[in-house]
Amino acid sequence: MIRGLDEILGRDNGMRGQIVGFTLAGILEGVVFALMIPILKAVVRGDYGAAIPWVVSAALVAAACGAVRWIAENRAYRIGIERFAGGIMHRLGEHLVQIPLGWFSKANRGAFTRLVTEGTAILMSIPGMIVAQLVTVTVTPATVAIAVLFVDWRLSFAMVVFVPLGIRAYRNVQRAVVPEYEAIGKSESELASRVVEYAQAQQVLRSAGKSDEGWNRLDEALVSNRDAHLQEIGSVDKYLLRFMIVVQVAFLAVLALAALLVTTGSIDTASVIVVLVLAVRFVEPMQMLAGFGEGISLARVSLGSVREMIDVPVLAEPEVPKEPTSYDIRFDSVSFGYGPDRVIRSVSLEFPESSVTALVGPSGSGKTTLVRLISRFWDVDEGTVSIGGVDVRDIGTRALMSRISTVSQQVYLFDGTIVENVRLARPDATESEVRRAVVDSRLGEVIDRLPSGEETRVGEGGSLLSGGERQRVSIARAFLKDTPIVLLDEATSALDGENEVAITEAIHRLARGRTVVVIAHRLSTIQGADHIVFLEGGTVEEVGSHQDLIAHGGKYSDLWAERSGAEGWRIDRAREP
Ligand SMILES: Nc1ncnc2c1ncn2[C@@H]1O[C@H](COP(=O)(O)OP(=O)(O)OP(=O)(O)O)[C@@H](O)[C@H]1O
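An unreviewed UniProt entry lists the chain under the name ABC transporter ATP-binding protein, with Rhodococcus baikonurensis given as the organism. Recorded in UniProt for the chain, the comment headed Subcellular location (unreviewed entry) runs: "Cell inner membrane". UniProt lists a comment for the chain under the heading Sequence similarities (unreviewed entry), and it reads "Belongs to the ABC transporter superfamily. Siderophore-Fe(3+) uptake transporter (SIUT) (TC 3.A.1.21) family."

Rendered as structure tokens:
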């Protein structure tokens, strides 16, 4: 655990100081017990006067022990908050902003949420509770065993001889418990995601009359979480039992040996009483170890999760970033897969500067992946994606992000006002720039309709706005950011007539003079694009203008016929309104 902490926080993490402090307290506690020897011996002899100096010494050492423990506990509280919870989260935060955006899948977000909520409390308890417990269960019995050595070496030996067995039995408990806690952790992350999903999907589920189906998914997660807990109890209990048996056998062995020594006259009764009192203090902390073990294992699992996240490779940053001077986007023989299977295969494409390219193709053909490779959600496995002739990996993440706006309906809105949400795209923008973006995106019309106008809060995740209204906020952000490249994921869900007109008009205005790549679902957008790329199975099947591709009579033409027939679309717009 210490090595793990050193790796995450560096050697100067305060743990060593804590160990020294609690060890000192443990030794002093042991000395108090050792002082019981002359006290008890004097009391058994009936010589109370002889006991007094020892009682005073024991009281002084006990006071010193209390003071050292108090200092160590206070320090533990401070470093628990600042260095452990704060330091580890800070380190994680620094790391997470450098890893590919693609890492933030639902499962990883669940694991991260769990680590920040539950894990923080566990990590905070490491320098206090966990170190104190570890020291208590090692130092106190060791000092007791040394003290008994002064009474009778054979009894001390009987205590110590069981220690290796106890350590072995305890290691088995730990070995069994860690994977079980990891499994519980995974099932709890899954459960957390399912609970959120269930709450968010209520409207869809109810309107589709599928509330049971939604509950079933949550129920499955609950059942597997319960199973994980039962499995943990089942597989750990037998090791815990063995550990407890070793501890009890050690105690009984000391008792039996003491009885034997007394009956053979090798030791006096006073010494036996002393040893038995001390033997209880020897065994007690070890018994407590079984209970402490849970905290120690949980801390190990939490540290393991931190380690796992810190080990996610960061996006490589160029030593000397290059600046693109033009904004055409090229894919040269690009291949990419989320796992071993490629979902983009040898794609070579050009998205000319200041033009609109529509990506179309069946679901799962790779449209979203292709667009995300432009903004380095992930790095390609083979080939290059370049902007203005510069490989995106040579531009540097911050510079790359400053040149790209992403517009989508799945935009996340914070629970502030609409204007605050727009400003997020460029916090240093002036009032008039924000207003201009609001007008250009036709978001002003939405604000005018809201009960408190500009002051209306949008709710968590923008829940008080419709999908079309959220999309307008996303467009306003793009206007404010004013980037040369716009990546647009058109909503698949139907928009009402008013939103459709307003959004189409705003997007056309946004597209002027920029390089736009749009994952197009609306036939009007597809037809109005300068270029159309038809993807299937991660490869480019057809490229051309709408007229060329219709004339070609290939897959695009079939898709067009199918969709325009099915949806009864009237194609009546050109790019400019
Ligand atoms: N994060 C991910 N992890 C693993 N596989 C993924 C991930 N995202 C997408 N895929 C897979 O990659 C392939 C391409 O998906 P992609 O989302 O790019 O297609 P798409 O054409 O945008 O589909 P749609 O139109 O349905 O959104 C699919 O087989 C999909 O299952």
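And the narrative resumes.
> Pulling in residues and values, what's your account of the overall build of the chain?
Along the chain, the regular secondary structure elements total 21 helices and 10 strands. Burial statistics for the chain: of 577 residues in total, 36% are counted as buried. Restricting to contacts in the chain with at least 6 residues of sequence separation, those with at least 24 account for 80%.

> So, unusual backbone geometry: which residues are in play, and what are the values?
One non-glycine residue, Ser 333, adopts positive backbone phi at about 45 degrees. Note that Ser 333 resides in strand S1 (residues 329-336).

> Got a sec to walk through the sheet that holds strand S8 (residues 515-519)? Specific residues and values, please.
Taken in spatial order, the six strands of this open sheet run S6-S7-S8-S3-S9-S10, and their pairing is mixed. Each having just a single partner strand, strand S6 (404-408) and strand S10 (539-544) make up the two edges of the open sheet. Each strand of the sheet is rotated relative to its neighbour by a mean of 20 degrees, with strand direction disregarded. With four bridges connecting them, strand S3 (residues 356-360) and strand S9 (residues 531-536) associate as parallel partners.

> Kindly report on the UniProt feature "transmembrane region" (unreviewed entry) in the chain, identifying the contributing residues and their values.
Under the feature "transmembrane region" (unreviewed entry), the UniProt entry names residues 20-40, 52-72, 115-136, 142-165 and 239-261. Here residues 20-40 runs as 100% helix and 0% strand, with 30 Å between its end C-alpha atoms. What you have in residues 115-136 is 95% helix and 0% strand, and the ends, taken at the C-alpha atoms, are 28 Å apart.

> Tell me about the site of the ligand, and please be specific about residues and values.
Near the ligand you find Ser 105, Tyr 338, Val 343, Gly 361, Ser 363, Gly 364, Ser 365, Gly 366, Lys 367, Thr 368 and Thr 369, and these make up its full shell. Broken down by class, the residue content of the shell around the ligand amounts to two nonpolar, eight polar and one charged.

> Now, about helix H6 (residues 153-161): what can you tell me, with residues and values included?
Of the positions making up H6, those classed as buried are Leu 155, Ser 156, Ala 158 and Met 159. The buried residues of H6 occupy an angular sector of 155 degrees when projected down its axis, which confines them to one face. Structural note: H6 exposes Trp 153 and Val 161 on the side pointing more than 90 degrees away from its buried face.

> I'd love a proper account of the nonpolar core, names of residues and values included.
Core analysis: the largest hydrophobic core is formed by 68 residues, its most contacted members being Val 131, Val 148, Met 159 and Leu 278. For this core, the secondary-structure elements that each account for two or more residues are helix H2 (15-45), helix H3 (48-96), helix H4 (106-124), helix H5 (126-151), H6, helix H7 (163-200), helix H9 (211-263) and helix H10 (269-310). In terms of residues, this core owes the most to one element, H10, which gives 14 residues. In contact with Met 159, other than residues within four places in its own chain, are Ala 145, Val 148, Ala 250, Val 254, Ala 279 and Phe 282. Val 347, Ala 425, Val 446 and Leu 510 belong to the second-largest nonpolar core, a separate cluster that totals 66 residues.

> So what's going on with the pairing of S6? Residues and values would help.
Each regular strand displays side chains that alternate between the two surfaces of the sheet. Summarising burial for S6: four of the five residues are buried, a large majority. Inspection of the sheet shows S6 paired to strand S7 (residues 485-489) by five bridges, in the parallel sense. Within the sheet, the bridge partner assigned to Val 407 lies in S7 and is Leu 488.

Cut-offs applied
- Residues numbered from 1 in each chain as written.
- Predicted model: local features only at pLDDT ≥ 70, side-chain atom pairs only at ≥ 80, totals over all residues.
- UniProt positions renumbered as here; feature names shortened; annotations may be inferred.
- Helix = DSSP H or I, 4+ residues; strand = E, 2+ residues; numbered from the N terminus.
- Buried ≥ 20, exposed ≤ 12 C-beta atoms within 10 Å, placed from the backbone.
- Contact = placed C-beta atoms within 7 Å.
- Pairing = 2+ DSSP bridges.
- Axes fitted to C-alpha atoms, helices over the stretch in contact; angles between N-to-C directions.
- Near = placed C-beta within 6 Å.
- Nonpolar A, V, L, I, M, F, W, Y, C, P; charged D, E, K, R; others polar.
- Arc of directions from axis to C-beta.
- Core = buried A, V, L, I, M, F, W, Y, C linked by C-beta atoms within 7 Å.

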